[in-house]
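Chain by chain, the residues:
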Amino acid sequence: MPYGILDDYSLPTVPGTVTLAEKEKRPGQDLTGDLKKIGDIVLVPQPDDSKDDPLNWPAWRKNTIVVVLSVGSAVVAALGAMISPGLPLLAEEFDKSLDTIATFLVGLFIFWTGFFTFFTSAAASVWGKRVVLVLSTGALGLLNVWGFFTTTFEPFVVMRLLQGFCSAPLETLVTSTIQDIFYVHERGQKIAIWGLLISSGVLVGQIISGYIIQNLGVKYTFGITALVFIPLFIAIFAFVPETTYNRKAQSASVDLVVKDDSSSTEDLTGKDNSPSMILPSNDKPRASTASKLTVFRGRVSNKSFWREVIRPFPLLVYPAVIFSSLIYGVFFTLFVVLSILSVTILSSPPYNLTPAQIGLTNLPLLVTGMIGSAISGWMVDKVARTMARKNGGVYEPEFRLTLMAVAAVLSTIALFCFGYTAQIGAPLPLLLTFSSLHALASPFASQAAYTYVTDCHSTDVNQVFVTMGLIRGAMTFIASTSVNGLYQAWGPGKFFGVVAGINLIVCLFTIPMYIFGKRFRALIARKVDSKLSK
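About the cut-offs
- Residues numbered from 1 in each chain as written.
- Predicted model: local features only at pLDDT ≥ 70, side-chain atom pairs only at ≥ 80, totals over all residues.
- Heavy atoms only, no water.
- Helix = DSSP H or I, 4+ residues; strand = E, 2+ residues; numbered from the N terminus.
- Buried < 20%, exposed > 50% of the residue type's maximum accessible area, 1.4 Å probe, protein only.
- Areas by Shrake-Rupley, 256 points an atom, 1.4 Å probe, with all protein chains shown as cover.
- Contact = heavy atoms within 4.5 Å.
- Phe/Tyr/Trp six-rings, centres within 6.5 Å; stacked < 30°, edge-to-face > 60°.
- Lys NZ or Arg CZ within 6 Å of the ring centre and 35° of its normal.
- Salt bridge = Lys/Arg side-chain N within 4 Å of Asp/Glu carboxyl O.
- Axes fitted to C-alpha atoms, helices over the stretch in contact; angles between N-to-C directions.
- Parallel < 35°, antiparallel > 145°, perpendicular 65-115°, else oblique.
- Left-handed = near helix turned anticlockwise from the far one by under 90°.
- Nonpolar A, V, L, I, M, F, W, Y, C, P; charged D, E, K, R; others polar.
- Patch = residues over 30% accessible without salt bridge, like charges linked within 9 Å, V, L, I, M, F, W, Y side chains within 5 Å.
- Core = buried A, V, L, I, M, F, W, Y, C linked by side-chain atoms within 4.5 Å.
- Polar contact = N/O pair within 3.5 Å; in protein donor to acceptor, adjacent residues only side chain to side chain.
- Expected span 1.5 Å × (residues − 1).
- Bend = angle between axes of the 7 residues up to and from the residue.
- pLDDT = per-residue confidence, 0-100.

Peer 1: An account of the overall build of the chain is requested, with residue identities and associated values reported.
Peer 2: Of regular secondary structure, the chain possesses 18 helices and four strands. Counting every position in the chain, which comprises 534 residues, the buried fraction comes to 57%. With the model as given, the accessible surface of the chain reaches about 22400 Å², and the carbon-plus-sulfur share is 66%.

Quick look at the structure:
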């Protein structure tokens, strides 16, 4: 029972549990044979010798792809929340309640983004990621033009629904692209960069849109965003090639050997530490530059589109997926709830802030969120690696869940104290201190959820993130339908007290998940093996 995790003896190897070969080998013995590696790290997956294998691409190219797609995700994240400072103005313009405006223009946008990931992910599996990313980015630019010229409520809602649909690829295909071009031991850092830019996009979008809304009007947020999509479209077209590759060399059973000082092989400065054992062959003709810029290549696999659409649904019964979706969904939903209610609180006495001033209140959240992302990104690998070393070289995915201790304490305190300070009309700096504390806590929860479920179900990462996106969208939509009404009925003290209690209860589910997680993984593996054998 390593660190309180209950062992399972029904399978020789439980999926997700990794034995570090470095701890197992005797002096002078090489257990990895001819496997390609960097130093002591066995490369997973094992790359082909072809230069067209994305794993063999230069570091600068792979990092450029990550940066471009992460910026795209940040812009899409900003697209959902950028109208938040203008919600009262939109409610007045369209003669609707705040709950109606928040539901149809924010909550429904997020829900449809999560729902349509089933279809965009399936399309990417069948026809490739590049065509889906390029078309959706171009469509988002045109939809923002529509938003600029829309003057009535119903077309505005339709425009937001279509934006949700077209935002789906930049929500889910980034993680699978990272999986295509980076080795397992390199992916954590890249996912952390992606997560940081998404959270930053939400906050920076509100800061900028606050000024735009106050000085020009809500519609100009869409007009200016349409201009932003022009260079983004060009960047995706020019620098994001198709990353789907049918690799001959498979290495699902290879153990991952990690040293404390070897968290990645290259960084965003462009330094390329490519594996010295990989000597790409020149026998195969390389893809030309023109062919790399081709948007539609036809089918990249023989998979059925509709089968890929429904493929994520069975994951809804996987304990690790349920838990991670719950954690990620709750923290994201509370992030949106705070964003919506902050407008209500800060635009009313005793604060009486303008939309531009409300936007600026996101600056401390941005700073603390970046700090939280940096610390949690470092801790999620460092803590797990340390625990694995002290566990005789055996790594368990449940080690990732230790970050939830930080997330649970900080977020519960932040939510409770935010409600109390709003109730008594405390000075603005004190109110922002507690909203910033929640922004600091959120990256710890998202890192724990992302890395845990990825380690548990590494072969189903695409479908896992699609499922998580749907649950997150449903939670956000449900919350947005009543959040303002409940806040007005209960008052800030009671409302955020209840929310803090729900947050703590959800976080406490980490304890049984940590203890029984390995047995849950074994149970799912036995069920899957049983179905495959029939």
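Having seen the model, we can carry on.
Peer 1: Describe the side chain of Ser 209, and please don't skip the residues or the numbers.
Peer 2: Inspection of the secondary structure puts Ser 209 in helix H7 (residues 184-215). Looking at Ser 209, the relative accessible area reads 3%, which means it is buried. Setting aside chain neighbours within four positions, we find Ser 209 in contact with Met 82, Pro 85 and Thr 221.

Peer 1: Lay out the packing of aromatic side chains in plain terms, naming residues and giving numbers.
Peer 2: Evaluated as defined, the whole model comprises 30 aromatic pairs. Between Phe 495 and Phe 496, the aromatic rings sit 5.1 Å apart at their centres with planes inclined by 80 degrees, giving edge-to-face as the arrangement. Residue Phe 496 is classed as buried on the basis of its relative accessible area, which comes to 0%. One aromatic cluster is present, formed by Phe 111, Trp 112, Phe 115, Phe 116, Phe 119, Trp 127, Phe 165, Phe 305, Trp 306 and Phe 477 through successive ring pairs. Looking at Arg 61, its charged tip hangs above the ring of Trp 57, at a distance of 5.6 Å from the centre. Just above the ring of Phe 148 sits the side chain of Lys 219; from NZ or CZ to the centre is 4.9 Å.

Peer 1: Please provide a residue-by-residue account of the pattern of salt bridges, values included.
Peer 2: When the charged atoms of two side chains with opposite charge come close together, those side chains can pair. Scanning the model with the defined rule gives 10 salt bridges in all. With its nearest N and O atoms 3.4 Å apart, the salt bridge here joins Asp 460 to Arg 311. With a gap of 149 residues between them, Asp 460 in the loop between helix H15 (428-456) and helix H16 (461-490) and Arg 311 in the loop between helix H10 (305-310) and helix H11 (319-346) connect regions that are remote in the sequence. Lys 518 is the partner of Glu 396 in a salt bridge, and the nearest nitrogen-oxygen pair spans 2.8 Å. Note that Glu 396 is positioned in the loop between strand E4 (394-395) and helix H14 (403-423) and Lys 518 in helix H18 (residues 510-533), a separation of 122 residues in sequence. Taking the relative accessible area as the measure of exposure, Glu 396 reaches 1% and is therefore buried. Accessibility expressed as a relative area gives 7% for Lys 518, which makes it buried. Where salt bridges share partners, they join Asp 7, Glu 396, Glu 398, Lys 518 and Arg 521 into one cluster.

Peer 1: Give me the lowdown on the packing of helix H2 (residues 59-81) against helix H8 (residues 219-239), citing residues and values where you can.
Peer 2: Two elements in contact, H2 and H8, have axes whose closest approach is 10 Å; the angle formed by their N-to-C orientations is 155 degrees. If you check the angle between H2 and H8, you find them roughly antiparallel. Between H2 and H8 the crossing geometry is left-handed. Contacts from Thr 64, Ile 65, Val 68, Gly 72, Val 75 and Leu 79 of H2 reach H8 at Thr 225, Val 228, Phe 229, Leu 232, Ala 235, Ile 236 and Phe 239. Residue composition of the contact of H2 with H8, grouped by class: 10 nonpolar, three polar and no charged.

Peer 1: How would you explain the packing of H14 against helix H17 (residues 492-508) if you had to name every residue and give the values?
Peer 2: When two helices pack together, their arrangement is given by the angle between the helix axes and the distance between those axes. Taken N-terminus to C-terminus, the directions of H14 and H17 make an angle of 170 degrees; their axes are 7 Å apart at the nearest point. Judged by the angle between their axes, H14 and H17 are roughly antiparallel. Residue-level contacts link Met 404, Ala 408, Ser 411, Thr 412, Leu 415, Phe 416, Phe 418, Gly 419, Ala 422 and Gln 423 of H14 to Pro 492, Gly 493, Phe 496, Gly 497, Val 499, Ala 500, Asn 503, Leu 504 and Cys 507 of H17. Looking at side-chain class alone, the contact of H14 with H17 contains 12 nonpolar, seven polar and no charged residues.

Peer 1: Help me get a handle on a nonpolar patch on the surface, residues and values and all.
Peer 2: Together, Leu 227, Ile 230, Phe 233, Ile 234, Phe 237 and Leu 293 line one region of the surface with nonpolar side chains, adding up to about 520 Å² of accessible area. Here Leu 293 lies in the loop between helix H9 (289-292) and H10. Judged by relative accessible area, which is 33%, Leu 293 ranks as partly exposed.

Peer 1: Explain the nonpolar core to me, using residue names and the numbers behind them.
Peer 2: Among the nonpolar cores identified, the biggest contains 129 residues, and Ile 83 and Phe 496 are the most heavily contacted of them. No other element matches H11, which puts 18 residues into this core. Sequence-distant contacts of Phe 496, defined by excluding residues within four places in its chain, comprise Leu 338, Leu 341, Ile 345, Leu 415, Phe 416, Phe 418, Gly 419 and Tyr 487.

Peer 1: How would you sum up the side chain of Thr 454? Please name residues and give values.
Peer 2: Within the element layout of this structure, Thr 454 appears in helix H15. Polar contacts involving the side chain of Thr 454 include one to the main-chain carbonyl oxygen of Tyr 450, which spans 2.7 Å. Not counting the four nearest positions on each side in its chain, Thr 454 is found in contact with Val 461 and Phe 465.

Peer 1: Explain H15 residue by residue, including any values.
Peer 2: Here H15 contains 29 residues, and its C-alpha end-to-end distance of 43 Å stays within 8% of the 42 Å for a straight helix at 1.5 Å per residue. Counting buried residues in H15 gives 22 out of 29 residues, a clear majority hidden from the surface.

Peer 1: So what's going on with helix H6 (residues 153-181)? Residues and values would help.
Peer 2: Relative to the 42 Å expected for 29 residues at 1.5 Å per residue, H6 spans 43 Å between its end C-alpha atoms, a close match to the ideal helical length. For H6, the principal kink sits at Leu 173 and spans about 40 degrees. Counting buried positions along H6 gives 22 out of 29 residues, so the element sits mostly inside the fold.

Peer 1: I'd like to hear about the confidence of the model for the chain, residue by residue, with values.
Peer 2: Scored by pLDDT, the chain has a mean of 84; 85% of the residues are at 70 or more. A low-confidence stretch, residues 21-32 (pLDDT under 50), is modelled with 16 contacts involving residues beyond four sequence positions or located in other chains. Within the model, pLDDT remains below 50 along residues 249-283, and this stretch shows 86 contacts once partners closer than five positions in the same chain are excluded.

Peer 1: Mind laying out the environment of Lys 96, listing which residues take part and the relevant values?
Peer 2: Mapped onto the elements, Lys 96 comes out in the loop between helix H3 (87-94) and helix H4 (98-127). Residue class for Lys 96 comes out partly exposed when judged on its relative accessible area of 34%. C-alpha separation for the pair Lys 96 and Phe 153, spaced 57 residues apart in sequence, amounts to 9.2 Å. Contact partners of Lys 96, with chain neighbours within four places excluded, come to Ala 91, Ile 101 and Phe 153.

Peer 1: Can you lay out unusual backbone geometry for me, pointing to particular residues and giving the numbers?
Peer 2: Going from Pro 349 to Pro 350, the amide bond is cis rather than trans, its omega being 5 degrees. Even without a glycine there, the phi angle at Asp 95 is positive, about 55 degrees. Its place among the elements puts Asp 95 in the loop between H3 and H4. By relative accessible area, Asp 95 is classed as exposed at 69%.

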